[in-house]
Amino acid sequence: MGRLNWLIAEAVDVVPETPRVKTVSLEVPGWTGHVPGQHVDVRLTAEDGYQAQRSYSIASPSDRTRVELTVERLDDGEVSPYLTDELRPGDQIELRGPVGGYFVWEPSRGGPLFLVAGGSGIVPLMAMLRSRAAAGSDVPAVLLFSSRGWEDVIYRDELERIDGNGLRVVHTLTRSKPDGWAGYDRRVDAAMLAEVGPRANDRPHVYVCGPTPFVEAVATALVDLGHEPARIKTERFGPTGG
Amino acid sequence: MDELMLDGNAAAGLLSDVFAVEMTTAIGICDGCGAVEAVGAVRVFRGAGIVLRCPHCDAVLMTVVTAESRTWIDLRGLRTLELETP
């Protein structure tokens with residue numbers, strides 16, 4: 001891959017997804033495409049020269065020079081509040097990538113596919129599902145998506161649209177639920193994973209992304225259910241939680 | 001992903017400053033407990049530099065500190081690091 005160069009990206013669009021999450025569409029001249037699950041580094045430089053750099057998952061499937069990032073605003077963050085609150089179409093930021101070859105999937109890898117997301121952990125998994133849909137792939141796929149409440153479900157309408165054609169989307173809401181909610185309303189556990197997901201014998205490709213305690217609990221439960229550790233790819237972020 | 005603790009996936013760009021190959025699929029053996037993991041799966045803490053820790057025993061595997069135009073790399077906690085050579 002060689003050394004990565006910083007590229008100048010221009011914001012084209014900033015769209016709210018939920019109260020705390022926005023999708024930033026960037027036009028990146030010189031972008032050479034990416035694999036779903038890969039990241040970019042974003043670098044901001046203040047007037048005094050101070051630089052802050054963070055890694056973000058790419059939300060969009062590979063599409064020429066367009067790159068979409070879906071960013072959750074973290075109140076004490078150095079980069080995310082700028083991206084969600086300040087960035088306007090026409091503004092420029094520095095970006096390099098794509099990076100990462102571990103937490104990636106593309107339709108040619110086949111399935112079955114079992115995706116487990118907590119909150120904004122949906123982002124790299126959505127790139128995989130969008131790529132699957134764009135390719136017209138019928139690889140069997142299940143997405144189990146844990147959110148705090150219905151209004152916090154990122155990509156809610158789009159997930160409803162792409163449900164079907166071999167993809168099953170299952171939500172669980174951990175803090176609040178709408179009236180009449182008949183779905184899961186607890187944290188992801190072994191029983192839920194067993195009910196929703198492909199069986200270990202079917203040797204699915206499993207991708208788990210979310211806050212660290214979420215990912216570690218889910219990965220442990222999956223191993224207990226007999227899934228091969230080598231087929232469980234994880235991506236975690238957030239507070240250490242001890 | 002703007003917090004102090006991340007994992008090896010989020011460190012891919014920073015590691016690419018140091019190593020010329022894709023690093024999240026590199027396989028490391030922890031010198032503390034002997035666990036074998038892809039770099040993408042290890043814990044990463046961000047401070048003055050980055051610290052990679054074993055997800056099994058928490059031992060420090062690698063630290064990378066960059067200041068101005070110099071980089072310091074400490075690999076004491078890795079028994080081996082297996083890379084894909086192009």
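Basis of the calculations
Residues numbered from 1 in each chain as written. Chains lettered and ligands numbered in written order. Predicted model: local features only at pLDDT ≥ 70, side-chain atom pairs only at ≥ 80, totals over all residues. Pairing = 2+ DSSP bridges. Helix = DSSP H or I, 4+ residues; strand = E, 2+ residues; numbered from the N terminus. Axes fitted to C-alpha atoms, helices over the stretch in contact; angles between N-to-C directions. Contact = placed C-beta atoms within 7 Å. Domains from an automatic or database assignment. Nonpolar A, V, L, I, M, F, W, Y, C, P; charged D, E, K, R; others polar. pLDDT = per-residue confidence, 0-100. Buried ≥ 20, exposed ≤ 12 C-beta atoms within 10 Å, placed from the backbone.

Draft legend 1. Local environment of the sheet that holds strand β8 (residues 141–147) of chain A. Residue and element names in this part refer to chain A. A sheet is described by the order of its strands in space; here five strands give the open sequence β9-β8-β7-β10-β11, paired in parallel fashion. The open sheet is flanked by β9 (167–173) and β11 (232–237), the only strands paired with a single partner. On average, each strand axis in the sheet is tilted by 10 degrees relative to the strand beside it, whichever way the strands run. In terms of strand pairing, β8 meets β9 through seven bridges, oriented parallel. Paired with A141 across the strands is L167, a residue of β9. In the packing of helix α2 (residues 122–134) onto the sheet, contacts are made with β7 (113–118), β8, β9, β10 (205–211) and β11, and the angle to β8 comes to roughly 150 degrees. The strands touched by helix α5 (residues 212–224) are β7, β8, β10 and β11; relative to β10, the strand with the most contacts, the crossing angle is about 150 degrees.

Draft legend 2. Spotlight on the domain arrangement of chain A. Residues and elements named next belong to chain A. In terms of domain boundaries, chain A breaks down into domain 1 (7–99) and domain 2 (107–237). Using only C-alpha atoms to locate each centre, domain 1 and domain 2 end up separated by 24 Å. Across the boundary between the two partners, domain 1 contributes twelve residues, which contact 13 residues of domain 2. For the side of domain 1 that touches domain 2, the per-class residue count stands at five nonpolar, five polar and two charged.

Draft legend 3. Structural context of the confidence of the model for chain B. Scored by pLDDT, chain B has a mean of 89; 94% of the residues are at 70 or more. The complex prediction reports pTM at 0.92, with the ipTM value standing at 0.83.

Draft legend 4. Molecular detail of the sheet that holds strand β2 (residues 21–27) of chain A. Residue and element names in this part refer to chain A. Strand order in the open sheet made by the six strands is β4-β3-β6-β1-β2-β5, with antiparallel pairing throughout. Bordering the open sheet on either side are β4 (51–57) and β5 (66–72), each of which pairs with just one other strand. Each strand axis lies, on average, 40 degrees off the axis of its neighbour in the sheet, ignoring direction. Where strand β3 (residues 39–45) and strand β6 (residues 92–99) come together, four bridges link them in antiparallel fashion. Within β6, the residue paired with H39 across the bridge is V99.

Draft legend 5. Expanded view of the pairing of β10 of chain A. Residue and element names in this part refer to chain A. The buried fraction of β10 is high, at six of seven residues. The pairing of β7 with β10 spans five bridges and is classified as parallel. Opposite L115, over in β10, you have Y207 as the bridge partner. Note: β10 against β11, six bridges, orientation parallel. From the neighbouring strand, P211 faces β11, where its bridge partner is F237.

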